[in-house]
Amino acid sequence: MEIKKSSDDTAKLQPGKIKTAAEFIRGGGLVIFPTETVYGLGADAFNPDAVARIYSEKGRPGDNPLILHIANADDFFELAFESPDYSRALIKNFWPGPLTLVAKKNPALPAWVGGHPAGKTKTVGIRMSAHPIARALIAEAGVIAAPSANKAGKPSPTKLAHALEDFPHATPVLSEKKFSQNSPFSAFAEKILTLDGGSAIVGLESTVVDITGASPVILRPGAITEEQIRRVVCVSAGADFSDAPRSPGTKYKHYAPNAQMFVVSGEQKKFVSYVKNIREKNFCVLAKKNTAALLKNFDAEILVLGDDEISVAQNFFSRLRECDALGVEKIFVEAVEEKQIGVAIMDRMLKAAGGRVIYV
Ligand code: TXA
Ligand code: MG
């Protein structure tokens, strides 16, 4: 996968802050931290009170499990059980990176780990992020359970500012000195601390792959594509990726902006003429750069998604939040071709649109 590097210099390692944030997590606190996909809201994966707080802060249904974030591939074999041989090929090729593996859970672990403390799970979603801040934080804090750092149903945050829109009470990690002088956990236990890593370079959540069966099954498409997975894993002839059992998270309303969204699918020329004939009062259009150029003199709010699929993926969630900030009632988005990362982009677009597609 070729991804453009973030130009923000906030993506630099901040060792003192990371150490403080890790200490906060070990003491039962929650931390919003960057990954290369989207920002996560993390807690000590083995602390039931802290994990329960993730669910209540997010408004997340208790039956939707959390991804366990690890810093070393070896930890996978502590958390997973009877993992198939092909899991090694996936780990070798795609970790660290935007890939989550749903494995059978090591029976020696507490029954609830990987999900809500009031429940039980037989599987665990495990991911090793490539983001230097995420990796350093997890290396210091231990295994971190983290969903995306948005309220349930809102677009995932690709910048810290987005996470702060949903969790306005979160505060930056204080300097090490001030933090330790104030006896950290009494003063900050109710808070959420934040680490800033600039803009996420992938922009869509990780590819989630079920590895509990004879062949891998994609539960959620992402930047690691089906083609890439097929290249490294010997998939039996009859295996059908489209036959995926659904991941609990996929049944909930997702990524929805406040505005009503429509995916407009068809040739570029037809898309342009469709948009020019929209008779709505308060709407905006999300389009690729070269399509937006054809709408230059058209009197409407046009936001550029990007000039290729990689940048469309990076910008999509951010543009949804910008549309909401503009206060528009409707959003019309240009569909992308459903190949490679386009599969993941269309998945998120259709979810944001509640399945509404206009074919032109
Ligand atoms: O890129 C990402 O994956 C980000 C960053 C922060 O790592 N995280 C993320 O987490 O998107 P979340 O909770 O928003 O989405 C995780 C998805 C959900 O659809 C959930 O149902 C699924 O992964 N999942 C997690 N554990 C699972 C399990 N044991 N079995 C099936 N699905 C699982
Ligand atoms: Mg999420």
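Scroll up for the structure.
Residues numbered from 1 in each chain as written. Chains lettered and ligands numbered in written order. Predicted model: local features only at pLDDT ≥ 70, side-chain atom pairs only at ≥ 80, totals over all residues. Heavy atoms only, no water.

Caption draft 1: The arrangement of the overall build of the protein in detail. A tally of helices and strands in the protein yields 13 helices and 15 strands. Burial status across the protein gives 53% buried among its 360 residues. For the protein, the exposed area adds up to about 15900 Å²; of that, 50% sits on carbon and sulfur atoms. (Helix = DSSP H or I, 4+ residues; strand = E, 2+ residues; numbered from the N terminus. Buried < 20%, exposed > 50% of the residue type's maximum accessible area, 1.4 Å probe, protein only. Areas by Shrake-Rupley, 256 points an atom, 1.4 Å probe, with all protein chains shown as cover.)

Caption draft 2: Region of the structure containing the sheet that holds strand S11 (residues 260–265). The strand order S13-S12-S14-S11-S15 describes an open sheet built from five strands, whose pairing is parallel. Because the sheet does not close on itself, it has two edges, and the strands there are strand S13 (301–306) and strand S15 (357–359). Strand-to-strand twist in this sheet, taken as the mean axis angle between neighbours without regard to direction, amounts to 25 degrees. Summarising the sheet, S11 and S15 pair through three bridges and their orientation is parallel. (Pairing = 2+ DSSP bridges. Axes fitted to C-alpha atoms, helices over the stretch in contact; angles between N-to-C directions.)

Caption draft 3: Broad picture of unusual backbone geometry. Cis geometry is found at the peptide bond from Trp 95 to Pro 96, where omega equals -5 degrees. With respect to the element layout, Pro 96 can be found in the loop between helix H4 (85–94) and strand S4 (99–104). The phi angle at Glu 82 is positive, at roughly 45 degrees, despite the residue not being glycine.

Caption draft 4: Main features of the nonpolar core. Within the largest apolar cluster, 44 residues are counted, with the highest numbers of intra-cluster contacts made by Ile 32, Phe 76, Leu 90, Trp 95 and Leu 101. Elements represented by at least two residues in this core include exactly strand S1 (30–33), strand S2 (40–44), helix H2 (48–58), helix H3 (74–79), H4, S4, strand S5 (123–127) and helix H6 (160–166). Excluding anything up to four places from it in sequence, Phe 76 contacts Ile 70, Ser 83, Ser 87, Ile 91, Trp 95, Leu 101, Ala 103, Ile 126 and Ile 211. Among the nonpolar cores identified, the runner-up in size contains 30 residues, and Val 202, Met 261, Val 263 and Ala 313 belong to it. (Core = buried A, V, L, I, M, F, W, Y, C linked by side-chain atoms within 4.5 Å. Contact = heavy atoms within 4.5 Å.)

Caption draft 5: How the structure looks around the packing of helix H1 (residues 15–26) against helix H5 (residues 132–141). Two numbers describe how H1 lies on H5: the axes approach to 8 Å, and their chain directions differ by 50 degrees. With respect to each other, H1 and H5 are oriented oblique. For the element pair H1 and H5, the recorded crossing hand is right-handed. Of the residues in H5, those touching H1 at Ile 18, Lys 19, Ala 21, Ala 22, Ile 25 and Arg 26 are Ile 133, Ala 136, Leu 137, Glu 140 and Ala 141. Looking at the contact of H1 with H5 residue by residue, the class counts come to eight nonpolar, no polar and three charged. (Parallel < 35°, antiparallel > 145°, perpendicular 65-115°, else oblique. Left-handed = near helix turned anticlockwise from the far one by under 90°. Nonpolar A, V, L, I, M, F, W, Y, C, P; charged D, E, K, R; others polar.)

Caption draft 6: Inspection of the environment of Gly 153 at higher detail. Of note, Gly 153 is situated in the loop between strand S6 (144–146) and H6. Accessibility expressed as a relative area gives 21% for Gly 153, which makes it partly exposed.

Caption draft 7: Broad picture of H4. Looking at H4, one finds that the buried residues are Tyr 86, Ser 87, Leu 90, Ile 91 and Phe 94. In a view along the axis of H4, the buried residues occupy a sector of 145 degrees, so they form one face of it. Those residues of H4 that are exposed and angled more than 90 degrees off the buried face are Asp 85, Arg 88 and Lys 92. Tucked inside the fold, the buried residues of H4 contact H3, S4, strand S9 (207–210) and helix H9 (226–232). (Arc of directions from axis to C-beta.)

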